[in-house]
Amino acid sequence: MKTALKIIGAIVALVVVVIAGLYFTGMLQPAVIALYKPHHGWDLALKAPVPDYAKTGSWAALPSKDSPAMLVPKGVAPSPAAPEVDVFFIHPTGYMSGADWNSPLDPNSRTEENTKWMMANQASVFNGCCAVYAPRYREASIFRYFALRDGDDLTNKTMDLAYGDVDRAFTYFLEHYSKGRPFIIASHSQGTHHALRLIQKRIDGTPLANRMVAAYIIGGGITDKDVAGLKTVRACESATDLHCIVHWMTFGEDATLDREGGDKPLCTNPLTWKRDGGRAPASDNKGAVAQSGRFQIAFWGSDAASGVQFGPLPVPVPHQTWAECRKGLLFVAD
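Since this is a predicted model, take the numbers as computed values, not measurements.

Visitor: What's the story with the overall build of the chain in this structure? I'm lost.
Guide: When helices and strands are tallied, the chain shows eight helices and 10 strands. Taken over the C-alpha trace, the chain has a radius of gyration of 21 Å; the compact-globule value for 334 residues is 20 Å, and the two agree within 12%. Projected onto its principal axes, the C-alpha positions of the chain cover 75 × 50 × 45 Å. Counting the 334 residues in the chain, one finds 45% classified as buried. Across the chain, the fraction of contacts at a sequence separation of at least 24, relative to all contacts at a separation of at least 6, is 79%. Only carbon and sulfur atoms are counted for the fraction: they give 58% of the accessible area of the chain, which is about 16700 Å². Across the chain, the mean location of the 33 positive side-chain charges is 3 Å away from that of the 32 negative side-chain charges.

What follows is the structure in structure tokens.
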């Protein structure tokens with residue numbers, strides 16, 4: 001009996017390994033997407049209520065709220081009590097579920113824990129200079145990127161709902177928090193899609209463009225053409241440029257990519273702050289910080305919170321990697 005159980009256990013383990021291998025090599029991904037994506041159209045009745053940004057709970061980070069965005073690496077001083085610059089941070093996709101096309105904003109979920117991971121490991125980079133404001137919003141599910149095409153009606157409605165929350169949060173930020181101070185726009189991935197739209201609709205060509213110190217909007221596929229289409233906001237060309245956009249998309253040095261055709265992405269080298277250009281050596285890398293906590297990727301099962309914790313950030317490690325822009329993409333050491 002024990003031998004039989006061992007054999008069954010070995011078979012189960014082998015099946016799990018094979019399935020995992022098929023998924024991560026891309027062979028099983030279409031089946032997973034088809035099985036676990038939302039199986040309904042866009043339905044407003046399924047959406048969470050509109051966030052009220054007058055309430056502290058509608059923000060993932062506020063200067064007055066204890067959050068992982070307050071973390072700073074060991075040995076680094078936090079922001080002064082009265083910083084002169086604000087940061088409006090738009091977090092990327094943390095909603096990995098296919099229960100709906102937009103996050104239900106459940107505070108007791110893995111999605112919320114993923115948002116906290118982004119505060120700890122992304123938004124916190126500004127907690128040495130600035131006051132960080134980051135809205136919670138009804139972000140699009142990861143399946144918007146897996147299962148939908150750009151320009152589809154369902155895609156547009158899903159992204160419009162998410163952007164609408166970001167837009168309302170930005171209005172509240174301007175009227176009740178920023179109050180005329182300079183600000184930075186910062187984002188990653190899905191957040192960058194919303195950030196570019198915010199710049200296009202609310203900042204470019206307005207007095208707000210002169211208050212925007214810079215926009216650090218990373219990993220969102222922004223192209224040189226996108227920036228050329230703006231009226232007054234442009235791409236940053238050096239470390240001292242103001243009122244401009246910084247953007248890059250990072251890949252390991254051995255990544256095999258088919259980038260023939262299409263518009264060239266905007267690549268700002270984050271070690272030199274120059275647009276495109278040659279390789280910047282690792283000696284220019286002032287410090288890398290190991291992540292705190294764990295980002296959870298689970299496309300099926302319950303979205304209930306797992307209890308992940310976010311501890312102190314360790315001491316930065318200098319000279320971790322070189323960085324080089326090639327054909328609009330940023331390559332770094334694996």
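From this point, the narrative continues.
Visitor: Teacher, can you tell me more about the sheet that holds strand β7 (residues 244-246) here?
Guide: Working definition: the strands of a sheet are paired by backbone hydrogen bonds and lie parallel or antiparallel to each other. Reading across from one edge, β1-β3-β2-β4-β5-β7-β6 is the order of the seven strands in this open sheet, with mixed pairing throughout. Among the strands making up the open sheet, the edge pair consists of β1 (59-61) and β6 (234-235). One ladder, built from two bridges, connects β6 with β7; its direction is parallel. Its bridge partner lying in β7, A235 is registered against I245. Helix-sheet contacts for helix α6 (residues 190-203) involve β2 (86-90), β4 (183-188), β5 (212-218) and β7, and the interaxial angle to β4 is about 145°.

Visitor: I'm lost on the sheet that holds strand β8 (residues 250-252) in this one. Help?
Guide: Taken together, three strands build an open sheet; the order of strands is β8-β10-β9 and the sheet is mixed. The open sheet terminates on both sides in strands that have one partner only, identified here as β8 and β9 (323-326). Between one strand axis and the next, the sheet turns by 35° as a mean value, whatever way the strands run. The sheet contact formed by β9 and strand β10 (residues 329-332) spans four bridges and is antiparallel. Following the sheet pairing, R326 is matched in β10 by L329.

Visitor: I tried to follow helix α5 (residues 153-178) on my own but got confused; where do I start?
Guide: An α-helical turn contains 3.6 residues, so a residue and the one three or four places further along point in the same direction. Taking 1.5 Å as the rise per residue, α5 with 26 residues should run 38 Å; its terminal C-alpha atoms sit 35 Å apart, in good agreement. Along α5, the sharpest kink reaches roughly 25°, centred on Y172. Just beyond α5, the residue with positive phi is K179, at close to 50°.

Visitor: Can you walk me through the pairing of β10 in this structure?
Guide: Side-chain direction in a regular strand flips from residue to residue, so the side chains alternate between the two faces of the sheet. Side chains of β10 alternate between two faces, with L329 and F331 and L330 and V332 buried alike. Bridge count for β8 against β10 is three bridges, and the pairing is parallel. Paired with G252 across the bridge in β10 is V332. Where β9 folds back on β10, the antiparallel hairpin that results is connected by two residues, among which K327 adopts a positive phi of roughly 50°.

Visitor: Mind showing me how you'd approach the side chain of S97 here?
Guide: Position of S97 among the secondary structure elements: in the loop between β2 and α3 (110-121). Residue S97 is classed as buried on the basis of its relative accessible area of 14%. Excluding anything up to four places from it in sequence, S97 contacts S141 and F143.

Visitor: What is the right way to look at α3 in this model?
Guide: Taking 1.5 Å as the rise per residue, α3 with 12 residues should run 16 Å; its terminal C-alpha atoms sit 16 Å apart, in good agreement. The buried fraction of α3 amounts to 10 of the 12 residues, a majority that puts the element mostly inside the structure. Looking at α3, one finds that the buried residues are R110, T111, E112, E113, N114, T115, W117, M118, M119 and A120.

Thresholds, definitions, all that
- Residues numbered from 1 in each chain as written.
- Predicted model: local features only at pLDDT ≥ 70, side-chain atom pairs only at ≥ 80, totals over all residues.
- Heavy atoms only, no water.
- Helix = DSSP H or I, 4+ residues; strand = E, 2+ residues; numbered from the N terminus.
- Rg over C-alpha atoms; globule rule 2.2 N^0.38 Å.
- Buried < 20%, exposed > 50% of the residue type's maximum accessible area, 1.4 Å probe, protein only.
- Contact = heavy atoms within 4.5 Å.
- Areas by Shrake-Rupley, 256 points an atom, 1.4 Å probe, with all protein chains shown as cover.
- Lys, Arg positive; Asp, Glu negative; His and termini not counted.
- Charge placed at Lys NZ, Arg CZ, Asp CG, Glu CD.
- Pairing = 2+ DSSP bridges.
- Axes fitted to C-alpha atoms, helices over the stretch in contact; angles between N-to-C directions.
- Expected span 1.5 Å × (residues − 1).
- Bend = angle between axes of the 7 residues up to and from the residue.

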